[in-house]
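Listed below are the residues making up each chain.
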Amino acid sequence: MKLFKKYFVLVAENPIIAALWLILLPVFLLALILFLLFKNVPDFQQFLLNDLKTWGSYILLFVTALNITVPFFFMTFFYRIKKRIVLIKPDGLQEAAIIYRQPLWGKFPYAEIIFPEYWDMTDNSRRRELELHVIFPINGKILAFLVLETTFVFNGNFQADDLEEMIKARGSVWKNRNCFHFNKSLEKILAKFLHDRHELIRDDIIAWQQKKLTIKELEQKWFKPDIMFGHLFTNVEKIEVSLRAPEIVRTHEKK
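Residues numbered from 1 in each chain as written. Predicted model: local features only at pLDDT ≥ 70, side-chain atom pairs only at ≥ 80, totals over all residues. Heavy atoms only, no water.

(A) Just the pairing of strand S6 (residues 127-137), in detail. Alternating residues of S6 divide into Arg128, Leu130, Leu132, Val134 and Phe136, all buried, and Arg127, Glu129, Glu131, His133, Ile135 and Pro137, none buried. Summarising the sheet, S6 and strand S7 (residues 142-154) pair through eleven bridges and their orientation is antiparallel. Looking at the pairing, proline 137 lines up with leucine 143 of S7. Hairpin remark: S6 followed by S7, antiparallel, with four residues in the connecting loop. (Buried < 20%, exposed > 50% of the residue type's maximum accessible area, 1.4 Å probe, protein only. Helix = DSSP H or I, 4+ residues; strand = E, 2+ residues; numbered from the N terminus. Pairing = 2+ DSSP bridges.)

This is the structure in structure tokens:
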């Protein structure tokens with residue numbers, strides 16, 4: 001049983017390599033050995049070209065179907081994608097998550113954290129940039145579109161505890177299968193931060209419109225990165241933000 005599980009772990013982790021080494025190579029070696037041993041036997045080449053090829057095709061089809069169905073129904077596995085980190089909970093939803101490293105026998109709750117397209121989570125870049133977009137209602141008829149140009153300075157890799165804390169901070173409930181986008185998660189956290197201070201921030205955006213407040217003063221007063229996000233990630237050394245001038249839009253009144 002252990003060998004059986006190890007085989008399917010290899011299949012789930014490297015399906016192409018597993019197929020080459022565990023299926024095609026043995027079939028090729030068997031055919032070569034039979035050819036060398038029985039090449040002078042009458043009608044052997046005909047057998048090799050017809051019967052053996054037919055049975056080999058059936059066996060290959062069976063093993064391929066097995067390699068697809070067993071990992072799909074009985075294992076937790078993910079292919080490596082540079083912009084993704086996967087959290088799993090082998091001990092159940094109520095326990096702490098760990099970062100997925102390799103295929104596991106059994107089906108476990110998981111969460112995929114999807115990072116921006118241009119972020120490669122396999123390298124050790126210290127600085128990564130991200131734009132955050134939030135719609136802030138001034139009143140029932142006027143909206144402010146806010147854009148934060150954000151730069152993260154990292155001092156290590158993301159930790160499972162931090163990413164799980166981000167999921168909680170965005171107000172989401174962990175289910176058996178989840179997919180969270182990193183930038184959208186931060187936007188939800190930012191939106192909640194602004195909502196909790198709505199009246200004060202609204203007054204200052206109006207003051208900016210009336211040129212009583214500069215965009216830099218508005219940024220420094222309300223968009224402090226350490227307060228908004230700094231507590232979430234232990235691998236973040238510094239967060240820099242730059243607030244663009246808000247775009248003020250008047251919504252259509254309902255008739």
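We are not done yet, so read on.
(B) Seen up close, the layout of surface pockets. The space that makes up the largest pocket amounts to roughly 630 Å³. Contributing to the lining of the largest pocket are 24 residues, with Arg84, Ile85, Arg101, Met121 and Thr122 lying nearest its centre. (1 Å grid on protein atoms, 1.4 Å probe; cavity = no way out; pocket = protein on both sides within 12 Å on 5 of 7 lines; lining within 4 Å. Points joined across faces, edges and corners; volume = space filled by probe spheres on them.)

(C) Region of the structure containing the packing of helix H7 (residues 198-209) against helix H8 (residues 215-222). Two elements in contact, H7 and H8, have axes separated by 10 Å at closest approach and are oriented at 170 degrees. With respect to H8, the axis of H7 lies roughly antiparallel. Along its contact with H7, which presents Leu200, Ile201, Asp204, Ile205 and Trp208, the element H8 presents Ile215, Leu218, Lys221 and Trp222. A breakdown of the residues in the contact of H7 with H8 according to their chemical character gives seven nonpolar, no polar and two charged. (Axes fitted to C-alpha atoms, helices over the stretch in contact; angles between N-to-C directions. Parallel < 35°, antiparallel > 145°, perpendicular 65-115°, else oblique. Contact = heavy atoms within 4.5 Å. Nonpolar A, V, L, I, M, F, W, Y, C, P; charged D, E, K, R; others polar.)

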